[in-house]
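# Topology and contacts: notes
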Amino acid sequence: SPPARVALSAAVGDDPQVALEAATELLQRNQPEQAEALLAKAVDNTPQHAGLWRALGLAHYRRGNYEQAQVALTKAVSLDASQPLSYFLLGATLRQQGQISEAERNFARAQELDPRYAALR
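The following refers to the structure shown. On a predicted model such as this, the values are computed, not experimentally measured, just so you know.

With that settled, consider the nonpolar core. Counting residues in each nonpolar core, the largest one holds 18 residues, and the members touching the most others are Ala35, Leu39, Leu52, Trp53 and Leu56. Going through the elements one at a time, helix 2 (16-28), helix 3 (32-45), helix 4 (50-62) and helix 5 (66-79) are the ones with two or more residues in this core. Within the second largest apolar cluster, 13 residues are counted, among which are Val77, Tyr87, Leu90 and Leu94.

In this section: helix 7 (residues 100-113). Taking 1.5 Å as the rise per residue, helix 7 with 14 residues should run 20 Å; its terminal C-alpha atoms sit 20 Å apart, in good agreement. Every buried residue belonging to helix 7 is among Ala103, Asn106, Phe107 and Ala110, and all of these are buried. One side of helix 7 holds all its buried residues, which, seen down the axis, span an arc of 100°. Those residues of helix 7 that are exposed and aimed more than 90 degrees away from the buried face are Ser101 and Glu112. Those residues of helix 7 hidden inside the fold are in contact with helix 6 (84-96).

Considering only enclosed or pocket space, the largest pocket measures out at about 180 Å³ in volume. Residue lining of the largest pocket: Leu20, Thr24, Leu27, Gln28, Gly51, Arg54, Ala55, Leu58, Arg62, Leu85 and Leu89, and that is the complete set. Ranked by residues supplied to the lining of the largest pocket, first place goes to helix 4 with five residues. Taken together, the residues of the lining of the largest pocket break down into six nonpolar, three polar and two charged.

Turning our eyes to something else, we now look at the environment of Ala40. Its place among the elements puts Ala40 in helix 3. Counting along the chain gives 16 residues from Ala40 to Leu56, while the straight-line C-alpha distance between them is 7.0 Å.

It is worth spelling out the pattern of salt bridges at this point. Using the criterion set out here, one finds six salt bridges in the structure. Across the pair Arg63 and Glu36 runs a salt bridge whose closest N-O atoms are separated by 2.3 Å. Separated by 27 residues along the polypeptide, Arg63 in the loop between helix 4 and helix 5 and Glu36 in helix 3 bring together distant segments of the chain. The class of Glu36 is buried, set by a relative accessible area of 11%. Here the salt bridges do not stand alone but share partners, grouping Glu33, Glu36 and Arg63 into one network.

Turning next to the packing of helix 6 against helix 7. Contact pair helix 6 / helix 7: the axes reach a minimum separation of 8 Å and the direction vectors enclose 160°. Our classification of the angle between helix 6 and helix 7 gives roughly antiparallel. The way helix 6 lies across helix 7 gives a crossing that is left-handed. Here Pro84, Tyr87, Phe88, Leu90, Gly91, Ala92, Leu94 and Arg95 of helix 6 come into contact with helix 7, specifically with Ile100, Glu102, Ala103, Asn106, Phe107, Arg109, Ala110 and Leu113. Counted by class, the contact of helix 6 with helix 7 contains 11 nonpolar, two polar and three charged residues.

Parameters at a glance
Residues numbered from 1 in each chain as written. Predicted model: local features only at pLDDT ≥ 70, side-chain atom pairs only at ≥ 80, totals over all residues. Heavy atoms only, no water. Core = buried A, V, L, I, M, F, W, Y, C linked by side-chain atoms within 4.5 Å. Buried < 20%, exposed > 50% of the residue type's maximum accessible area, 1.4 Å probe, protein only. Helix = DSSP H or I, 4+ residues; strand = E, 2+ residues; numbered from the N terminus. Expected span 1.5 Å × (residues − 1). Arc of directions from axis to C-beta. Contact = heavy atoms within 4.5 Å. 1 Å grid on protein atoms, 1.4 Å probe; cavity = no way out; pocket = protein on both sides within 12 Å on 5 of 7 lines; lining within 4 Å. Points joined across faces, edges and corners; volume = space filled by probe spheres on them. Nonpolar A, V, L, I, M, F, W, Y, C, P; charged D, E, K, R; others polar. Salt bridge = Lys/Arg side-chain N within 4 Å of Asp/Glu carboxyl O. Axes fitted to C-alpha atoms, helices over the stretch in contact; angles between N-to-C directions. Parallel < 35°, antiparallel > 145°, perpendicular 65-115°, else oblique. Left-handed = near helix turned anticlockwise from the far one by under 90°.

So, in structure tokens, the structure goes:
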């Protein structure tokens, strides 16, 4: 609901870690629309925070907004190329868009960074 969203946004303020934790909680509760709204504001406030971009990409993905997810996850990877989850989520997003070879490259990169990702492909 809009009033709840305003209250949540006010409670989060400008702290990117608090925003990330709140958005993670919303995603775990299957509320990607609220997470997306919160994260859009958070990345405006802290545009160099790869974790916020990654979470925003996941929120877009969960809502079926794959092009927006691709943009956010590409930004997350550009800001921090060491996070296998960003590559894995980007791979899943690309696969949803039929970009299979590009998806496979991202899955492979996630696996290089953390072999546990091999089991998730």
